[in-house]
There are 4 protein chains.
Amino acid sequence: MIIAEITMTPLGKGVSVSRYVKTALEKIKESGLNYKLTPMSTVVEARTLDDIFSVVKKAEEAMLELGAERVVIDIKIDHRIDKDATMDSKIRAVEM
Amino acid sequence: MIIAEITMTPLGKGVSVSRYVKTALEKIKESGLNYKLTPMSTVVEARTLDDIFSVVKKAEEAMLELGAERVVIDIKIDHRIDKDATMDSKIRAVEM
Amino acid sequence: MIIAEITMTPLGKGVSVSRYVKTALEKIKESGLNYKLTPMSTVVEARTLDDIFSVVKKAEEAMLELGAERVVIDIKIDHRIDKDATMDSKIRAVEM
Amino acid sequence: MIIAEITMTPLGKGVSVSRYVKTALEKIKESGLNYKLTPMSTVVEARTLDDIFSVVKKAEEAMLELGAERVVIDIKIDHRIDKDATMDSKIRAVEM
């Protein structure tokens, strides 16, 4: 699996932006991808880069529809092809 | 325009990775997108998120073809719809 | 509290770098800061930027001592002064 | 040298934040560190992590003094000890 961490921040919509983050998170849930919410981001697990980019596009569209005029998006992707890593296997590897 | 900063790093391919960065940069050049090389990343200017994601996919494929077994990709996107920002206008706005 | 997400990646030490991540995580634990391990990073909660930077320096030193010759460090900080956010309050705000 | 890329974004201060970015950039200039402004960040060159963290703290203080109530800071650091990289040598390595 490809593991990706996604952060989306609307500018100019006040100091608290949780209403916008919620609508983006809704799109991640609808995608059916396995995900984990962290205090700074949402981490997803996907078979392809296209699956990740597709959900990012939908999440951003939802923020724009809600009224955001500027969105800063951070995507960090960890793609390894030597073995099949998952979100859980990555955490286990450093906890042990 | 949407401005995006792209960084791609292969793991396990030695301390110097410029051979890999060059092959990724080649794909960015081939895309025809306006770009700027910085010491830490390549910044591109695009009309759509798809244009950005398309070049990221091609650049990563090129790194994998060159032998990378694990690639860490960072994409930071600044998308504003209230006015038409460019790479140059963003720099001018803070330099003046 | 200031919430910070920290990622540290050694280059040139093979495709699997969990031995290095573990030694960095050890320093975060020793700091006494409240932390959460995610599949892509470690998130910490601190009173000051100095507390965050201090643990990053110790974690990087530990990676260099273990033999890393090049380390890429990502730090994303969310500092709000209008109210006292914590790692848990940030997650609750978007889950509800 | 250690190369670091710094981005600072105030939330809740409108869609255009160049006034805040300018005041942060002023602190980077005052630090005496060699720097390059890019469309998405400022890249600096420093001898130690402390030099980088010191200028980040001053830049954030300046943003808070200007009225920011929430600041998101991104720092990406490339620290290699096998040879003496600079901002210029990093660009030359991939352009050639």
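Our subject is the structure listed above.
Just so it is clear, the model here is predicted, and its values are computed rather than measured.

Cut-offs and rules
Residues numbered from 1 in each chain as written. Chains lettered and ligands numbered in written order. Predicted model: local features only at pLDDT ≥ 70, side-chain atom pairs only at ≥ 80, totals over all residues. Helix = DSSP H or I, 4+ residues; strand = E, 2+ residues; numbered from the N terminus. Buried ≥ 20, exposed ≤ 12 C-beta atoms within 10 Å, placed from the backbone. Contact = placed C-beta atoms within 7 Å. Nonpolar A, V, L, I, M, F, W, Y, C, P; charged D, E, K, R; others polar. Pairing = 2+ DSSP bridges. Axes fitted to C-alpha atoms, helices over the stretch in contact; angles between N-to-C directions. Left-handed = near helix turned anticlockwise from the far one by under 90°. Least-squares fit on C-alpha atoms with pLDDT ≥ 70 in both. Expected span 1.5 Å × (residues − 1). Arc of directions from axis to C-beta. Core = buried A, V, L, I, M, F, W, Y, C linked by C-beta atoms within 7 Å.

1. Describing the overall build of chain A
Okay, step 1: Counting secondary structure elements, chain A contains three helices and four strands.
Okay, step 2: Going residue by residue from the N terminus, the α and β elements of chain A occur as β-α-β-β-α-β-α.
Okay, step 3: By principal-axis analysis of the C-alpha atoms, chain A measures approximately 40 × 25 × 20 Å.
Okay, step 4: Put simply, chain A has 96 residues, and 49% of those count as buried.
Okay, step 5: Within chain A, contacts between residues at least 6 apart in sequence are counted, and of these 72% link residues at least 24 apart.

2. Quick notes on the interface of chain B and chain A
Okay, step 1: Listed as interface residues are 19 residues of chain B and, on the opposing side, 19 residues of chain A.
Okay, step 2: Of all the elements in the fold, those that place two or more residues in the side of chain B that touches chain A are helix H2 (49-65) and strand S4 (70-80) of chain B.
Okay, step 3: Counting residues per element, the side of chain B that touches chain A draws most heavily on S4(B), at 11 residues.
Okay, step 4: Its residues placed into classes, the side of chain B that touches chain A shows nine nonpolar, one polar and nine charged.
Okay, step 5: Two strands pair when backbone bridges link them, and strand S4 (residues 70-80) of chain A and S4(B) are joined in this way by 11 bridges, in the antiparallel orientation. Each residue of the ladder has a partner; that of A:Arg80, found in S4(B), is B:Arg70.

3. Some points on the interface of chain C and chain A
Okay, step 1: Taken together, the contact between chain C and chain A spans 23 residues of the former and 23 residues of the latter.
Okay, step 2: If you list the elements that add at least two residues to the side of chain C that touches chain A, you get strand S1 (2-10), helix H1 (18-31), strand S2 (34-37), strand S4 (70-80) and helix H3 (87-95) of chain C.
Okay, step 3: Among the elements that make up the side of chain C that touches chain A, the one with the highest residue count is H3(C) (six residues).
Okay, step 4: Here the side of chain C that touches chain A is built from residues that sort into 12 nonpolar, two polar and nine charged.

4. Section: the packing of helix H1 (residues 18-31) of chain D against helix H2 (residues 49-65) of chain D
Angle between the axes and distance between the axes are the two parameters that describe a pair of packed helices.
All names here are of chain D.
Okay, step 1: Remark: H1 packs on H2, axes separated minimally by 8 Å, with the N-to-C direction vectors making an angle of 145°. The handedness of the crossing between H1 and H2 comes out as right-handed. When H1 is examined against H2, the residues Tyr20, Thr23, Ala24, Glu26, Lys27, Ile28 and Ser31 are found in contact with a partner set consisting of Val55, Lys58, Ala59, Ala62 and Met63.
Okay, step 2: Considering only residue class, the contact of H1 with H2 consists of seven nonpolar, two polar and three charged.

5. Quick notes on the relation of the copies chain C and chain A
Okay, step 1: The transformation that overlays chain C on chain A combines an axial shift of 0.0 Å with a rotation of 180°, and the residual RMSD is 0.0 Å. Considering both components of the superposition, the chain copies are consistent with a two-fold axis. Minimal C-alpha separation from the rotation axis in chain C is found for C:Thr38, amounting to 3.5 Å.

6. Examining the relation of the copies chain B and chain A
Okay, step 1: Between chain B and chain A, the superposition needs a rotation of 180° and an axial shift of 0.0 Å, giving an RMSD of 0.0 Å.
Okay, step 2: When the interface residues of chain B are mapped onto chain A, 100% of them again fall at the interface, so both copies present the same face.

7. Looking at the pairing of S4(C)
Residues and elements named next belong to chain C.
Okay, step 1: Of all 11 residues in S4, 11 are buried; the element is thus mostly enclosed.
Okay, step 2: Judged by which residues are buried, S4 turns out to be covered on both faces: Arg70, Val72, Asp74, Lys76, Asp78 and Arg80 on one side and Val71, Ile73, Ile75, Ile77 and His79 on the other are all buried.
Okay, step 3: Across eight bridges, the pairing between S1 and S4 is antiparallel. In the strand pairing of S4, methionine 8 is matched with isoleucine 73.

8. With respect to the sheet that holds strand S2 (residues 34-37) of chain B
Okay, step 1: The strand order across the open sheet built from eight strands is S2(A)-S3(A)-S1(A)-S4(A)-S4(B)-S1(B)-S3(B)-S2(B), with neighbouring strands paired in antiparallel fashion. Strands at the two margins of the open sheet, each flanked by one partner only, are strand S2 (34-37) of chain A together with S2 of chain B. If you compare each strand with its neighbour and ignore which way they point, the axes differ by 20° on average.
Okay, step 2: The strands touched by H2(B) within the sheet are S4 of chain A together with strand S1 (2-10), strand S3 (42-46) and S4 of chain B, with S1(B) carrying the most contacts at an inclination of about 15°.

9. Section: helix H2 (residues 49-65) of chain C
In an α-helix, one turn spans 3.6 residues, which is why side chains three or four residues apart end up on the same side.
Residues and elements named next belong to chain C.
Okay, step 1: Relative to the 24 Å expected for 17 residues at 1.5 Å per residue, H2 spans 24 Å between its end C-alpha atoms, a close match to the ideal helical length.
Okay, step 2: What H2 keeps buried is the set Ile52, Phe53, Val55, Val56, Ala59, Glu60 and Met63. Projected down its long axis, H2 shows its buried positions confined to an angular sector of 165°, all on one face. More than 90 degrees from the buried face of H2, the exposed residues found are Asp50 and Glu65.
Okay, step 3: Remark: glycine 67 follows H2 within two positions and exhibits a positive phi of approximately 120°.

10. Quick notes on the environment of D:Lys22
Okay, step 1: The topology assignment puts D:Lys22 in helix H1.
Okay, step 2: For D:Lys22 and D:Met63, which are 41 residues apart along the polypeptide, the C-alpha to C-alpha distance reads 9.2 Å.

11. Describing the sheet that holds S1(C)
Okay, step 1: Here eight strands make up an open sheet; going across it, the order is S2(C)-S3(C)-S1(C)-S4(C)-S4(D)-S1(D)-S3(D)-S2(D) and the pairing antiparallel. With one partner strand each, in any of the chains shown, S2 of chain C together with strand S2 (34-37) of chain D form the two edges of the open sheet. Put simply, the sheet's adjacent strands are angled 20° from each other on average, direction ignored.
Okay, step 2: Here H1(C) sits on the sheet in contact with S1, S2 and strand S3 (42-46) of chain C, set at roughly 15° to S3(C).
Okay, step 3: Against the sheet, H2(C) engages S1, S3 and S4 of chain C together with strand S4 (70-80) of chain D, with an angle of about 15° to S1(C).

12. A closer look at the nonpolar core
Okay, step 1: Formed by 116 residues in total, the largest nonpolar core has its most connected members in C:Ala4 and C:Ile52.
Okay, step 2: Other than its neighbours up to four places away in sequence, C:Ile52 contacts C:Ile2, C:Ala4, C:Val44, C:Ala46 and C:Ile77.

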